[in-house]
Each structure stands twice: as C-alpha cells, then as structure tokens.
Amino acid sequence: MSAVSDRLPAFPWDKLTPFKATAAAHPDGLVDLSVGTPVDPVPELIQKALVGAADSPGYPTVWGTPELRDAITGWVERRLGARDVTHRHVLPIVGSKELVAWLPTQLGLGPGDRVAYPRLAYPTYEVGARLARAEYEVYDDPTELDPEGLKLLWLNSPSNPTGKVLSKAELTRIVAWAREHGVLLFSDECYLELGWETDPVSVLHPDVNGGSYDGIVSVHSLSKRSNLAGYRAAFLAGDPAVLSPLLEIRKHGGMMTSAPTQAAVVAALSDDDHVRVQRERYASRRALLREALLFHGFRIEHSEASLYLWATRGESCWDTVAHLAERGILVAPGDFYGSAGAEFVRVALTATDERIAAAVRRL
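Everything numeric in this text was worked out from a predicted model, so none of it was measured.

## Describing the environment of Leu236
With respect to the element layout, Leu236 can be found in strand S8 (residues 234–238). Residue Leu236 is classed as buried on the basis of its relative accessible area, which comes to 0%. Sequence-wise, Leu236 and Ala49 are 187 residues apart; in three dimensions their C-alpha atoms are separated by 22 Å.

## A look at the sheet that holds strand S12 (residues 332–333)
Whether parallel or antiparallel, the strands of a sheet pair through hydrogen bonds between backbone atoms. With respect to topology, 4 strands assemble into an open sheet ordered S9-S10-S13-S12, the strand pairing being antiparallel. Edge positions in the sheet fall to strand S9 (299–301) and S12, since each has one partner strand and no second. Alignment of S9 against strand S10 (residues 308–312), held across 3 bridges, turns out to be antiparallel. The residue bridging Ile300 from the neighbouring strand is Ala311, located in S10.

## A closer look at the sheet that holds strand S4 (residues 135–139)
The strand order across the open sheet formed by 7 strands is S2-S8-S7-S6-S5-S3-S4, and the pairing between neighbours is mixed. This sheet does not close on itself; its edge strands, each paired only once, are strand S2 (90–93) and S4. The average undirected angle you get between the axes of adjacent strands in this sheet is 20°. Examined bridge by bridge, S2 and S8 share 4 bridges and lie antiparallel to one another. Each residue of the ladder has a partner; that of Pro92, found in S8, is Phe235. Running at roughly 110° to S2, helix H4 (residues 66–80) makes contact with S2, strand S7 (216–221) and S8 of the sheet.

## Some words on the environment of Pro240
Relative to the elements of secondary structure, Pro240 occurs in helix H9 (residues 240–253). Take Pro240: its relative accessible area is 15%, and that puts it in the buried class. On a C-alpha basis, the gap between Pro240 and Val217 in space is 9.0 Å, while along the polypeptide they are 23 residues apart. If sequence neighbours within four positions are ignored, Pro240 has contacts with Arg88, His89 and Pro245.

## Overview of helix H5 (residues 96–106)
Extensive coverage of H5 is indicated by the burial of 8 of its 11 residues. Considered for burial, the residues of H5 that qualify are Ser96, Glu98, Leu99, Val100, Ala101, Leu103, Pro104 and Gln106. Among the residues trailing H5, Gly108 stands out with phi positive, at a value near 80°.

## Things to note about empty space enclosed by the protein
Under the criterion given, the structure shown has 2 cavities of 30 Å³ or more. When its volume is computed, the largest cavity comes out at roughly 50 Å³. Along the walls of the largest cavity sit Leu68, Ile72, Pro92, Ile93, Arg232, Ala233, Ala234, Thr257, Gln262 and Val265, which together make up its complete lining. A class-by-class count of the residues in the lining of the largest cavity yields 7 nonpolar, 2 polar and 1 charged. In this structure, the second largest cavity spans a volume of roughly 40 Å³.

Calculation notes
Residues numbered from 1 in each chain as written. Predicted model: local features only at pLDDT ≥ 70, side-chain atom pairs only at ≥ 80, totals over all residues. Heavy atoms only, no water. Helix = DSSP H or I, 4+ residues; strand = E, 2+ residues; numbered from the N terminus. Buried < 20%, exposed > 50% of the residue type's maximum accessible area, 1.4 Å probe, protein only. Pairing = 2+ DSSP bridges. Axes fitted to C-alpha atoms, helices over the stretch in contact; angles between N-to-C directions. Contact = heavy atoms within 4.5 Å. 1 Å grid on protein atoms, 1.4 Å probe; cavity = no way out; pocket = protein on both sides within 12 Å on 5 of 7 lines; lining within 4 Å. Points joined across faces, edges and corners; volume = space filled by probe spheres on them. Nonpolar A, V, L, I, M, F, W, Y, C, P; charged D, E, K, R; others polar.

In structure tokens:
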C-alpha cells in the first residue's frame, strides 16, 4: 500500500487545519468558504425519487437503467445543444472525482505516457496521472504542447479554481488540434450550468466539434447544479469508441451508481426549475461576496463562472488565508491548484445566506 500512497502528494486540505481552528474561534462563528460543498437542501422531487427507489435489493448495472440513459441523452441535447446522442454516447459514473482520479489507469496509461492539464487546476488531474505512473505537465495553451506521447488532454471550462471560461472559438481550435495529433481530449464541464458573466459552451456542441464526437468526452456532475454532492452522481458523454471500453472495465471493477441514485438523477436531469432556483441563490451570494471582497482591498480575476471567486491582495496566499481566518473566514489557498496561484485565494459561494451575510459584515 505504501508503494501506491508514496506516488501521491500530501493531501493539501490537511494544511488548513490550524487556520480553520483560528477561524472557528471567532465570536460569531466560522464562515467556511474553502471546500465548496453544497449546503442547500436537495430538491424535494429528487428526494422523492430516491425514496421511491429505496426498495432496490438487486445489483444495479454500471451502464444504468434505460431511463437514466434517456435522461442523460435528453439533457445533453436540450442543455448543451448536442445532436444525435444515443445511449452509446453516455456513461454514468460514481461522482466526477472518481473518474478523474482513475481515468489514466482505466485508459491503460503508464510510464512514458503524458497527461496534461491547465496550469491552475483541480489537483486530482495530477493525482490520476501519478496513480497510473504516467508523466504529467501543465499548460497555458494546450496547442503549444508537444503532442508526442501526449495520451490525455484535460480541459476545464468553467475552471476550478479560477472560474475562467474558454470561448467557443478557443474550444473549436483546441478540439481541432487534439484531433490532428491523435490526442484524446476530456473536457471537465462540471460547472457549466453556473455561468455568470458568460454562457459556457460544451465541447459537445456541433459548432465546436463539427458534428462529430470522435476523440472527445465531456464530464458532467450533479453535485453543484442539484446539490447532490452526497449522492455521488455524474456522467460522461462523447465518443462511443472511448466510452465502450471504459464501460467494460468499470463492469469488471463494480463501479456502479446505486439504483436509488440512478432514479434521483433521472428526476434531476428532467427538471430545470430547481437549477434556476439554485442559480439565483448562488448569484445573490456571489454579488454580495464580490462587493465585500473588493471593498476590503481584493482584486478579483476571471470568476465569470463556477462557484468561486478567484481573489488576491498581492501577497502570499497563506498570508491572505491567515488574514481572513482572524476574521473567522476560511478560504482555500491558491497554491493548492498550482504554483501560479501563490498570491490568490479561492473563495467559495457555498455557504448559507446567513453565513455569507456574516462574512460580508466582517469584510
């Protein structure tokens, strides 16, 4: 076991423990804006679907029920503008983090193979490469990478942590480059429903991919849009030539979404009203926090989408973390996401209205 764990970096969130203790000692209590875990209720229609499927004594299938696949294909076409999406184009997964961490291994990557991801990025992209013993590197523009040996290219738009969104033109250029060089492209689009200053576009849109899904797969999650982080509900959509062998591998590995969760996902993807309500909550919290941070002397970059504000005071991110902890506010240091974030902090919108109001007062 140590041989596997030794491949991994130290778990970054453990470094926040003393700052959380400082923040929690504030007379008015902790305002935790660090992890980005949903705090609002699971919509009632989704809870009812989960309960309605609670009597599920048999094993679920890895590919999901036909109703689940119908819900996914319908949502992909309705929301993303994709065309001619069939059951072969979709695959349920057990939360998106599981997929990110184990994808290089499931693709059969190893020493000598390269995985690339944005310079500022979700740490699990690196973890996935490390678990497979593959090489990994970061980029500013993926089309400037050496394609030799590059077996997996991660895009992330809207970005975690920065909230940056790739335009349709940028996505089109990158997809064309990846296809030209035979590079498999996975696009992490888990925050796509949360665009504030722009409307994020999927690589599944025909204007981006020319009507073909060859060599591209998008990753989607219900954790943020539907408050289902506790359900571990997500899915892939894209090239059947990639998804079919992944399905077979995941069958052997027993990587199946529970039957009640599958029913809940059907309900969630079939209803847009609860997404609109949740977006309005986050939009209100974002406006309040953004104004307060600017008033307090922060500069905010990107942040045109997602559940975070990417903010700086022009100092070490750890000095900023300590400064805010003294005010009872816990945020994530930018260097968790790469050395380029050394002077930034990620401020999550995922706190109750009451806790957001408390943070605003303190700022």
